[in-house]
2 protein chains.
Amino acid sequence: MRIAIDAMGGDHAPEEIVRGAIEGARLASDATVLLVGDEKRIEPLLADRPANVEIRHASQVVAMDEDPARGLRGKPDSSIRVSLGLVKKGEADAVISAGNTGALVGGATVPLLGLGSLEGVKRPGIAVPVPTDDGICALMDAGANKSCKPIHLLQYAVMGSVYIRYLRPDLPNPRVALLNIGEERTKGNELVRETYEAFEKSGLNFVGNIEPHKMFGGKADVVVTDGFTGNLVLKTCEGTNQFLMKLLSGVLKSLPEAQKAVTGALEKLDFSEYGGAPLLGVRGVVIKAHGRSKARAIANAIRVTAEFVRGELNRHIVEGLKKLSWWGRFSDWFRKPADSLENP
Amino acid sequence: MRIAIDAMGGDHAPEEIVRGAIEGARLASDATVLLVGDEKRIEPLLADRPANVEIRHASQVVAMDEDPARGLRGKPDSSIRVSLGLVKKGEADAVISAGNTGALVGGATVPLLGLGSLEGVKRPGIAVPVPTDDGICALMDAGANKSCKPIHLLQYAVMGSVYIRYLRPDLPNPRVALLNIGEERTKGNELVRETYEAFEKSGLNFVGNIEPHKMFGGKADVVVTDGFTGNLVLKTCEGTNQFLMKLLSGVLKSLPEAQKAVTGALEKLDFSEYGGAPLLGVRGVVIKAHGRSKARAIANAIRVTAEFVRGELNRHIVEGLKKLSWWGRFSDWFRKPADSLENP
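Residues numbered from 1 in each chain as written. Chains lettered and ligands numbered in written order. Predicted model: local features only at pLDDT ≥ 70, side-chain atom pairs only at ≥ 80, totals over all residues. Heavy atoms only, no water.

Engineer: I'd like to hear about the side chain of Asn52 of chain A, residue by residue, with values.
Structural biologist: Residue and element names in this part refer to chain A. Summarising the element assignment, Asn52 is placed in the loop between helix H2 (39–42) and strand E3 (53–57). Classification of Asn52 by relative accessible area gives buried; the value is 14%. Excluding its chain neighbours within four sequence positions, the residues that come into contact with Asn52 are Ala25, Ala28, Ser29, Ala31, Thr32 and Val33. (Helix = DSSP H or I, 4+ residues; strand = E, 2+ residues; numbered from the N terminus. Buried < 20%, exposed > 50% of the residue type's maximum accessible area, 1.4 Å probe, protein only. Contact = heavy atoms within 4.5 Å.)

Engineer: Give me empty space enclosed by the protein: which residues, what numbers.
Structural biologist: Residue and element names in this part refer to chain A. Under the defined criterion, the tally for this structure stands at 3 cavities of 30 Å³ or more. In terms of lining residues, the second largest cavity is bounded by Leu104, Val105, Ile126, Ala277, Pro278, Leu279, Val286, Ile287 and Lys288. Looking at the lining of the second largest cavity, the elements with two or more residues in it are helix H5 (101–109), strand E10 (277–280) and strand E11 (285–288). By residue class, the composition of the lining of the second largest cavity is 8 nonpolar, no polar and 1 charged. (1 Å grid on protein atoms, 1.4 Å probe; cavity = no way out; pocket = protein on both sides within 12 Å on 5 of 7 lines; lining within 4 Å. Points joined across faces, edges and corners; volume = space filled by probe spheres on them. Nonpolar A, V, L, I, M, F, W, Y, C, P; charged D, E, K, R; others polar.)

Engineer: Mind laying out the environment of His152 of chain A, listing which residues take part and the relevant values?
Structural biologist: Along the polypeptide, His152 of chain A turns up in helix H6 (residues 150–167). A distance of 3.3 Å separates a polar atom in the side chain of His152 of chain A from a polar atom in the side chain of Asn145 of chain A. (Polar contact = N/O pair within 3.5 Å; in protein donor to acceptor, adjacent residues only side chain to side chain.)

Engineer: Give a description of the packing of helix H9 (residues 227–251) of chain A against helix H10 (residues 256–266) of chain B that names residues and reports values.
Structural biologist: Running from N to C, H9 of chain A and H10 of chain B cross one another at 135°; their axes reach a closest spacing of 9 Å. The angle between H9 of chain A and H10 of chain B places the two elements in the oblique class. As for the relative orientation of H9 of chain A and H10 of chain B, their crossing is right-handed in sense. Residue-level contacts link Leu244, Leu247, Leu248 and Val251 of chain A of H9 of chain A to Ala261, Val262, Ala265 and Leu266 of chain B of H10 of chain B. Of the residues in the contact of H9 of chain A with H10 of chain B, the class split is 8 nonpolar, no polar and no charged. (Axes fitted to C-alpha atoms, helices over the stretch in contact; angles between N-to-C directions. Parallel < 35°, antiparallel > 145°, perpendicular 65-115°, else oblique. Left-handed = near helix turned anticlockwise from the far one by under 90°.)

Engineer: Quick rundown of the packing of aromatic side chains? Include the residues and the values.
Structural biologist: Scanning the entire structure with this criterion turns up 10 aromatic pairs over all chains. Ring centres of Phe216 of chain A and Phe243 of chain B lie 5.6 Å apart, and the angle between their planes is 35°; this geometry places the pair in the tilted category. Of the two residues, Phe216 of chain A is situated in the loop between helix H8 (212–215) and strand E9 (222–224) and Phe243 of chain B in helix H9 (residues 227–251); the pairing between them involves two chains. Classification of Phe216 of chain A as buried rests on a relative accessible area of 6%. Judged by its relative accessible area of 7%, Phe243 of chain B is buried. Pairwise contacts between aromatic rings join Tyr163, Tyr166 and Phe308 of chain A into one cluster. (Phe/Tyr/Trp six-rings, centres within 6.5 Å; stacked < 30°, edge-to-face > 60°.)

Engineer: Give a description of H10 of chain B that names residues and reports values.
Structural biologist: Residue and element names in this part refer to chain B. Those residues of H10 that fall on the buried side of the exposure criterion are Ala258, Val262 and Ala265. All buried residues of H10 lie within an arc of 60° about the axis, which places them on one face of the element. Opposite the buried face of H10, by more than 90 degrees, sit the exposed residues Pro256, Glu257 and Lys260. (Arc of directions from axis to C-beta.)

Engineer: I'd like a rundown of the domain arrangement of chain A, residues and numbers included.
Structural biologist: A common way to report how large an interface is uses the accessible area buried once the components associate. Residues and elements named next belong to chain A. Domain assignment breaks chain A into domain 1 (1–116 + 282–311) and domain 2 (122–273 + 312–344). Domain 1 and domain 2 are separated by 25 Å when their C-alpha centres are compared. Counting residues at the interface gives 17 residues for domain 1, matched by 15 residues for domain 2. Both faces combined, the contact of domain 1 with domain 2 buries some 1200 Å², and carbon together with sulfur accounts for 54% of it. The largest contributions to the domain 1 side of the interface with domain 2 come from Arg296, Phe308 and Gly311, which together make up 38% of the buried area. One can count 1 salt bridge joining domain 1 with domain 2. Arg292 is the partner of Glu238 in a salt bridge, and the nearest nitrogen-oxygen pair spans 3.8 Å. Counting across the interface, domain 1 meets domain 2 through 9 residue pairs in polar contact (both at pLDDT 80 or more). Looking at the side of domain 1 that touches domain 2, the elements with two or more residues in it are H5 and helix H11 (295–310). For the side of domain 1 that touches domain 2, the leading source of residues is H11, giving 9 residues. (Domains from an automatic or database assignment. Buried area = accessible area lost by both parts, 1.4 Å probe. Salt bridge = Lys/Arg side-chain N within 4 Å of Asp/Glu carboxyl O.)

Here it is as structure tokens:
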């Protein structure tokens, strides 16, 4: 198995990415880790490299804040495009990047140039691990697909259920919930109301609507929403978090013992434990690591990615989609015309 | 001026509501406060009442977790319906309730029975005060209108701008932003992309798109979104907050000094300071206080509500809508057909 790492992507690239790759290569000894990026910058960081780490040169970099479309088009030799190209050509099974999210997702999903969708998949989506009171759940889609139809959300439920079992093998039949503003089936906009019905008939372990504040209570294992809403919800978590931490770090400044306790507790929330957020539904394994990833997060991403490849994540997704009820698989045939999704 | 208070709504009703009403009646001495609810339960709590507090009997209560539509229809003598009825009949200028949100909003906006919309208003919406690093902003709509069109969001921008100046009279020209998943005008779903254009031509002080985590940074004074998204964003704030607090209260258990500092800091986040969330755009002033409101929150709600009535909030809203550019006021005439809001 070969895992390509975008060595130039992320706030701490290339130093922390390379360190993490070396650590990850030790954790996943059956994998060859391909560091993609400027060899002149990567080589000096590889003094103590295991045998299963190699370099693939890429002369360009899409910056973190660069317009993704422009970056992709204008930089054919960027580390992100070269990494994705390795997967497309069959020279790698997976790609991990802590770089520009839009460029990674766009590069993987754009028609013709991208990796292409798995058999039966309508729209790829991003699953994000979210910590809960008693473990973890997956929120999907976190931003790949801004305008969803019920069939897309149904497929996210299937893909999310397959994914979460790699993080929590103890779950025999993950509970799927629909993110909504209330629990009753009549709540929400037209999209979620129509999707509720599709979920009920899908054969999934559907436990109903869930409100965001209950998501953290561990009431569901897979929480499904459209990419616009999912992205806003995640950024709201992040914003609330930062806001509170700023407030607390001020008041705890003179209390070192308390500060230490708080820092320790926050490690529980550390997303780096879970190996990043996969873009599910494409041919190949594509992992978005957080932009702030340090070596440990990258090493964990390699470990988890190796499990996805080893455990044939994508085969399970394709099989999962086929297992959807007949109604679930073809529910978009029965959809009301698009304008019924609008305000009556 | 007469302000009706739903004495039976909220987690701490009627005791804290009545206490808050007495306190509020002292703060707003030009107002008469009408306590609406079961007089047998309210009367004993009124030992020390100021002259400007009266009781209006209502024999029923819509419970906090009751289905709003059923509660409204089945309980014509509920404290919420009687309170709204006082406004409708012109016997009160405003109503404040910490009770069932759906029943309050539904009762105020339902066709025929409700209060009716202000001149020019297409859809009423809920504005919620959100604390920021350096003050406060208004998020609107927080859940009244789940399926919005650009013209609704435009009107929310106007109504939110009028509202926030009652909380922050220092703002000459509030900055309006559109809640989105990125700052570029091309970001987001069709609704926000179309709305961006409408905002640019509206004559408002439009500062562009804002991401949720930047909302807390005080980059805008009015943050506009549809009611589905706004409600989810608020519930995500609440959920993240609760999640972190649970985590921290565990680790700080043995550090009383730190606990005290944290509690103090969190008071900064206390929404009760801002007098609740107004439903803007209806004939009359309707304030939703948080379900957990105690006396202080209710007293503040009365104080702020009195300012709205005294300061003719609704007249300013109607005038503000008239000041929208010609394009802004009639932008829905130029809208693409509804199905263009769907996935291409």
